[in-house]
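What follows is each chain in one-letter form.
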Amino acid sequence: LPDPLPARLVIVPSPFLYAVLNYPLSGFILLFLFFLTRGGVVLSQLGELSRRLSEYVSRRSPGVLSFLNLYCTTAYGIDCVSLLLTSPSRLYYLILRHFRGDVHSADYAFKLLLLNPLATLLGAGEELPSQLLELAKSGRDGEFLELVSRYAGGTDEPPKGRALAL
């Protein structure tokens, strides 16, 4: 008799757990979305930030975002701005790999192309990109995302003089 259940099917009490167990990246994204809603950041704010960051980077450096998206969609199946806002260390690793391990070039490109525009949109000071770079390089995605959510309108008070009201 044929096996009634497919080999990859795992019986768990919820679709959330099924996604986490069978599709690690989508499970990570679901965990991140749960973290954001618990942390006080409304998902529409994150969508707005993602959209504005994509537009900003596309205007400032035409073609670069499309080039980065080729890497990100090939490796992880999502665009680079979404990857930055879900797993920044993976995006940093892709950029580092593109520069064949040259840390200085990867740091410069990551900061110039993504972190500086992100800080500008969040209305943060000049120290935020450096902080975010160190968190992404060390694989501390949770702290990176917590810091971004704080500036994007989370539970902590963001700095005065925000450039973008999300």
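Above this text sits the structure in question.
Rules used throughout
- Residues numbered from 1 in each chain as written.
- Predicted model: local features only at pLDDT ≥ 70, side-chain atom pairs only at ≥ 80, totals over all residues.
- Heavy atoms only, no water.
- Salt bridge = Lys/Arg side-chain N within 4 Å of Asp/Glu carboxyl O.
- Helix = DSSP H or I, 4+ residues; strand = E, 2+ residues; numbered from the N terminus.
- Buried < 20%, exposed > 50% of the residue type's maximum accessible area, 1.4 Å probe, protein only.
- Phe/Tyr/Trp six-rings, centres within 6.5 Å; stacked < 30°, edge-to-face > 60°.
- Polar contact = N/O pair within 3.5 Å; in protein donor to acceptor, adjacent residues only side chain to side chain.
- Contact = heavy atoms within 4.5 Å.
- Arc of directions from axis to C-beta.

### Brief notes about the pattern of salt bridges
Thinking step 1. Counted by the stated rule, this structure contains six salt bridges.
Thinking step 2. For Glu48, the salt bridge is made with Arg51, and the minimal N-O distance between the two is 2.6 Å. On the criterion of helical spacing, the pair formed by Glu48 and Arg51 is a turn pair, its members being three residues apart in helix H3 (residues 43-60).
Thinking step 3. By relative accessible area, Glu48 is classed as partly exposed at 23%.
Thinking step 4. The network of salt bridges with shared partners includes Glu48, Arg51, Arg52 and Glu55.

### So, the packing of aromatic side chains
Thinking step 1. Applying the stated rule across the entire model yields two aromatic pairs.
Thinking step 2. When the ring of Phe67 is compared with that of Tyr71, the centres are 5.3 Å apart and the planes differ by 80°; the resulting orientation is edge-to-face. A residue pair is termed a helical-turn pair when its members lie 3 or 4 positions apart in one helix, as Phe67 and Tyr71 do in helix H4 (residues 64-76) at four residues.
Thinking step 3. With relative accessibility at 28%, the residue Tyr71 sits in the partly exposed group.

### Description of the side chain of Ser89
Thinking step 1. Note on placement: Ser89 falls in helix H6 (residues 88-98).
Thinking step 2. Polar contacts involving the side chain of Ser89 include one to the side chain of Asp141, which spans 2.9 Å.
Thinking step 3. The residues touching Ser89, leaving out its near neighbours within four places in the chain, are Ala136, Gly139 and Asp141.

### Remarks on helix H8 (residues 127-137)
Thinking step 1. Among the residues of H8, those classed as buried are Leu128, Pro129, Leu132, Leu133, Leu135 and Ala136. Here the buried residues of H8 occupy an arc of 165° about the axis, which is enough to place them on one side.
Thinking step 2. The secondary structure elements touched by the buried residues of H8 are H6, helix H7 (103-122) and helix H9 (141-151).
Thinking step 3. Where H8 ends, the next residue or the one after it, Gly139, has phi of about 75°, a positive value.

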